[in-house]
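Summary of the model geometry
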Amino acid sequence: MKILSIGNSFSQDAHRYLYRLAKADGTNLKTVNLHIGGCPLQKHYINMLDDNAAYDFEFNGEKTGIKVSIREALVSDNWDFITLQQASPVSGKYETYSPYLEALAAYVRKYCPHTKILIHQTWAYEDGSEKLMHTGFASAKEMLSAVRDSYSKAVQSIKADGMIPCGEAMMHALNMGLEKVHRDTFHASLGAGRYLLALCWYKFLTKKDVTGNAFNEFDVPVTQEEREIIIRAVNEAVK
């Protein structure tokens, strides 16, 4: 299975463990993330129009030092899934999505007509953080509600083949007692947060049972208690 993400640091978080987690479970994935930090849909759209080789080509969760354009990445392989997303600060503001999302989806379908397009749902910032306050939301719950609404509209707008519910999984994990999912109040934590994202993507993409997942090659340790909460949260988010 081959997955390409046109994203930013949030898809980078999701891809960090995905390939190795799948391999440990006996599944062969190829994962590529097109990375520009903080990149919104509008900037992806401009880069698309200019065929700008502005993206870091990240392969199987690792940096390569290679720069590519969206077009170069699209035609480089026969992708099973391609993911799109909005930048997290404006993910809850649907007016920032259009017409850029629609144009990007049409571009993807032009070069990859048989590939399924997925929406990567981003997540809320940490409650009480300055970063959250700057978005205009009073709480993580309020931010996720707006994110949920915007991404649901995005799925309908481009007739996407599905949405990877990362924001839902993160909120479930916090509600279930996971102490921390962020590393800087907005990016995923290097251990538990990124593991949760990888597991969410893996279950969504493969439909495999993750209840007994034993992947353990983390950049920052994940405790058994954290693992159990994360698996329950992902199972709740991905039906």
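The paragraphs below set out a description of the structure included in this document.

1. Re helix 9 (residues 192–206)
Taking 1.5 Å per residue as the helical rise, helix 9 with its 15 residues ought to reach 21 Å, and the 21 Å between its terminal C-alpha atoms agrees with that figure. Taken across its 15 residues, helix 9 has 15 buried, putting it largely inside the fold. Downstream of helix 9 by one or two residues, Lys207 has phi in the positive range, about 65 degrees.

2. Things to note about the sheet that holds strand 4 (residues 62–68)
Overall, mixed pairing links the seven strands, which are arranged 4-3-2-1-5-6-7 in an open sheet. On the outer flanks of this sheet lie strand 4 and strand 7 (163–164), each paired with one strand and no other. Looking at chain direction, strand 6 (residues 116–120) and strand 7 are connected through two bridges and run parallel. Across the sheet, the residue bridging to His120 is Ile164, located in strand 7.

3. Some points on empty space enclosed by the protein
Enumeration according to the criterion identifies one cavity of 30 Å³ or more in this entry. For the largest cavity, the full set of lining residues is Trp123, Ala124, Tyr125, Ala140, Leu144, Gly167, Met170, Met171, Leu174 and His182. Mapped by element, the contributors of at least two residues to the lining of the largest cavity are helix 7 (140–158) and helix 8 (166–175). Looking at the lining of the largest cavity residue by residue, the classes come out as eight nonpolar, two polar and no charged.

4. What about the environment of Val90?
Mapped onto the fold, Val90 is located in the loop between strand 5 (81–84) and helix 5 (100–111). Residues Val90 and Ala146, 56 residues apart in the sequence, show an inter-C-alpha distance of 9.8 Å. Here Val90 is in contact with Thr96 and Tyr97, once residues within four sequence places are set aside.

Reading guide: rules and limits
- Residues numbered from 1 in each chain as written.
- Predicted model: local features only at pLDDT ≥ 70, side-chain atom pairs only at ≥ 80, totals over all residues.
- Heavy atoms only, no water.
- Helix = DSSP H or I, 4+ residues; strand = E, 2+ residues; numbered from the N terminus.
- Expected span 1.5 Å × (residues − 1).
- Buried < 20%, exposed > 50% of the residue type's maximum accessible area, 1.4 Å probe, protein only.
- Pairing = 2+ DSSP bridges.
- 1 Å grid on protein atoms, 1.4 Å probe; cavity = no way out; pocket = protein on both sides within 12 Å on 5 of 7 lines; lining within 4 Å.
- Points joined across faces, edges and corners; volume = space filled by probe spheres on them.
- Nonpolar A, V, L, I, M, F, W, Y, C, P; charged D, E, K, R; others polar.
- Contact = heavy atoms within 4.5 Å.

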